[in-house]
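Below are the chains, spelled out letter by letter.
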Amino acid sequence: MAYLPSNILLTPEEMARADRMSAESGIPSFGLMRRAGYAVAATALSHFPAAVRFAVLCGPGNNGGDGYVAARQLADGGAEISVHALGDPDDLKGDAALAFQLWGGSVAPLREFQPQPGDVVIDALFGAGLSRKVSDEIAGVISSVERAGVPVLAVDLPSGVDGRSGKPLGAAFKAHCTITFMTRKPGHLLLPGKSLCGDIEVADIGIPRRIIEAAGGSISENGPPIWSAHLPFVGADSHKYRRGHLAVFSGETSKTGAARLSAIAGLKTGAGLVTLASPEDAMAANAAQLTAVMLKKVDTNAELSDWLENAKLSAFVLGPGFGVGSRARDFVLALKDSPLVLDADGITSFRDDPAILFDAFEDGETHLVLTPHDGEFGRLFPDIAADETLSKPDKALKAARRAHAAIVYKGADTVIASPDGRVAINTNGPPWLATAGSGDVLAGMIGAFLAQGLPAFEAAAAGVYLHGEAAGLAGPYMTAEDLAGQAGHAMADLVARF
Ligand SMILES: NC(=O)C1=CN([C@@H]2O[C@H](COP(=O)(O)OP(=O)(O)OC[C@H]3O[C@@H](n4cnc5c(N)ncnc54)[C@H](O)[C@@H]3O)[C@@H](O)[C@H]2O)[C@@H](O)CC1
Ligand SMILES: [K+]
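Rules and cut-offs
- Residues numbered from 1 in each chain as written.
- Chains lettered and ligands numbered in written order.
- Predicted model: local features only at pLDDT ≥ 70, side-chain atom pairs only at ≥ 80, totals over all residues.
- Heavy atoms only, no water.
- UniProt positions renumbered as here; feature names shortened; annotations may be inferred.
- Phe/Tyr/Trp six-rings, centres within 6.5 Å; stacked < 30°, edge-to-face > 60°.
- Helix = DSSP H or I, 4+ residues; strand = E, 2+ residues; numbered from the N terminus.
- Salt bridge = Lys/Arg side-chain N within 4 Å of Asp/Glu carboxyl O.
- Buried < 20%, exposed > 50% of the residue type's maximum accessible area, 1.4 Å probe, protein only.
- Pairing = 2+ DSSP bridges.
- Patch = residues over 30% accessible without salt bridge, like charges linked within 9 Å, V, L, I, M, F, W, Y side chains within 5 Å.
- Areas by Shrake-Rupley, 256 points an atom, 1.4 Å probe, with all protein chains shown as cover.
- Lys, Arg positive; Asp, Glu negative; His and termini not counted.
- Charge placed at Lys NZ, Arg CZ, Asp CG, Glu CD.
- 1 Å grid on protein atoms, 1.4 Å probe; cavity = no way out; pocket = protein on both sides within 12 Å on 5 of 7 lines; lining within 4 Å.
- Points joined across faces, edges and corners; volume = space filled by probe spheres on them.
- Nonpolar A, V, L, I, M, F, W, Y, C, P; charged D, E, K, R; others polar.

The protein chain is annotated in an unreviewed UniProt entry as Bifunctional NAD(P)H-hydrate repair enzyme of Aliirhizobium cellulosilyticum. Quoted verbatim from the Subunit (unreviewed entry) field of UniProt, the annotation for the protein chain is "Homotetramer."

Take a look at the structure:
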């Protein structure tokens, strides 16, 4: 899939700003609509060469305008077309009214639309301007199209999908493919929007890159442009300490596997040294299964303080298999001045009083990374989790600001947020990443990037990306061990790209 002009995503509001800025810079707005409509027509023909009829459903705004232009273009090419409109087309304003004139053919009311075998629906009802729940009438049309099983090409977004959050407002089309303009919107990447878009194409309709960049906020697709400048150069003269020393805390004897997965992933992600800090009762279990990872007995707060004073440790992972309770809280508070990935039990240990954690990491550059899945997010940030008006990026960003931490809000559409306002949506994770131990591997990868000197947000985003790449290499039947095992290959591929 091509995407222009980089990994920037624009919310609907930012896209409207780009639209205004391009009009102010002298670019005729109807030219943009015409190119958008032509792109829709070209995509319709290339994706659906066997269509008997293109049924174009046009809404009351500029999304509908794109539909009228596409209808004219397809009709001029000899295709059979029907056009159905929501509302009276004579009420259209501005560019959409011009597009309707350009169409010049007949238009039937939307409620009369009956999908027929051989139809391809071009959904131009709503795009970026969807502002409220769709009516029962529109929901009825959406379900009749679904029942008929005819394919849908969505213009900009499947109508009903909120471009900011990816959430359906009432009902939404499930498109076979979606064509959007200049850049994708967060709703194309976030669930469930992502699964309603089908294949996504991005057409360049002529808004200059400088305008897209100026209109864009801080949300982007996760990828190397965000963090590659911080990747360490792994050269022949790199002394192992320059790649950092990662410490991973092991749980008690019956729960040591999770921390070992983190540790091995950390080593393969390029940490120079990795030490597993183990309670005494788990030393034997850990020793029996480790080679390149070192082992250190750390039972008490005093032993931890002593170790922190005397060893040269760069970053820490605490949580996988660690156990929930006061020992986790004490250890985390002792680590408050160090780069730390707090995962799983480490997060849950603060559910009764999250402010203790947030206050402890308030000072200095952001150096805490929290990696909650939905359940853990709700334990630390119950009010944010419950706020239905917020999108996943909004939630992650609010949490990051409150916690003074980079947040990795996990899921099939993992979002990474920084207190400074940057947000990235990850897209390279295959579905088989949802496997036991996968989160432990991720924590180790992020820890290794912290140990190699990446700032918290960059380490978190790079770790999430590497995790997706490693899963791609490991394949659908992978175990978490395989995933950790592929981290080195994924790292080598990444380093070779820069
Ligand atoms: N640079 C750009 O942003 C460009 C945008 N274009 C198109 O313009 C679209 C945005 O146009 P608009 O801002 O006019 O927005 P839309 O056409 O998406 O929708 C706005 C209209 O729908 C109504 N509406 C919103 N929610 C509704 C609901 N639930 N039920 C009934 N009516 C509802 C609004 O009152 C308004 O009349 C984009 O999605 C894209 O397709 C293109 O024409 C080319 C350039
Ligand atoms: K649409």
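Past the structure itself, the notes keep going.
A word on the packing of aromatic side chains
This structure, assessed with the given rule, holds 10 aromatic pairs. Seen from their ring centres, phenylalanine 249 and phenylalanine 322 are 6.4 Å apart, and the 85° between their planes marks the pair as edge-to-face. Of this pair, phenylalanine 249 sits in strand β9 (residues 245–249) while phenylalanine 322 sits in the loop between β12 (315–318) and α13 (326–334), and the two are 73 residues apart along the sequence.

Comments concerning the pattern of salt bridges
Per the counting criterion, the structure on display carries 16 salt bridges. The closest approach of N and O atoms between arginine 164 and aspartate 394, which form a salt bridge, is 2.5 Å. With arginine 164 in the loop between β5 (152–155) and β6 (177–181) and aspartate 394 in helix α18 (residues 392–403), this pair connects stretches of sequence that are 230 residues apart. Among the ionic pairs, glutamate 280 bridges to lysine 297, the shortest N-O distance being 4.0 Å. Note that glutamate 280 is positioned in the loop between β10 (273–278) and α11 (283–287) and lysine 297 in strand β11 (residues 294–297), a separation of 17 residues in sequence. Accessibility expressed as a relative area gives 30% for lysine 297, which makes it partly exposed. One connected set of salt bridges, linked through shared partners, spans Glu280, Lys297, Asp299 and Glu303.

Things to note about the pairing of strand β15 (residues 406–409)
The side-chain alternation of β15 yields two buried faces, one formed by Ala406 and Val408 and the other by Ile407 and Tyr409. Pairing of strand β14 (residues 368–370) with β15 involves two bridges; the strand directions are parallel. Residue valine 369 lies in a different strand from β15, and its bridge partner there is alanine 406. As defined by bridge partners, β15 adjoins strand β16 (residues 415–417) across three bridges and the pair is classed as antiparallel. Directly across from tyrosine 409, in β16, lies its bridge partner valine 415. Counting the residues between successive antiparallel strands, the hairpin from β15 to β16 contains five residues, one of them, glycine 411, with a positive phi of roughly 155°.

Describing a negative patch on the surface
A cluster of acidic side chains, namely Asp352, Asp353, Asp359, Glu362 and Asp363, defines a negative patch on the protein surface. With relative accessibility at 48%, the residue aspartate 359 sits in the partly exposed group.

Let's talk about the layout of surface pockets
Considering only enclosed or pocket space, the largest pocket measures out at about 750 Å³ in volume. Lining the largest pocket are 35 residues, and of these Asn62, Asn63, Gly127, Ala128 and Gly129 lie nearest its centre. The set of elements that each furnish at least two residues to the lining of the largest pocket consists of α1 (12–24), α2 (29–47) and α3 (62–76). A per-element tally of the lining of the largest pocket places α1 first, with seven residues. Across the lining of the largest pocket, the residue classes break down as 18 nonpolar, eight polar and nine charged. Roughly 620 Å³ of internal volume is contained in the second largest pocket.

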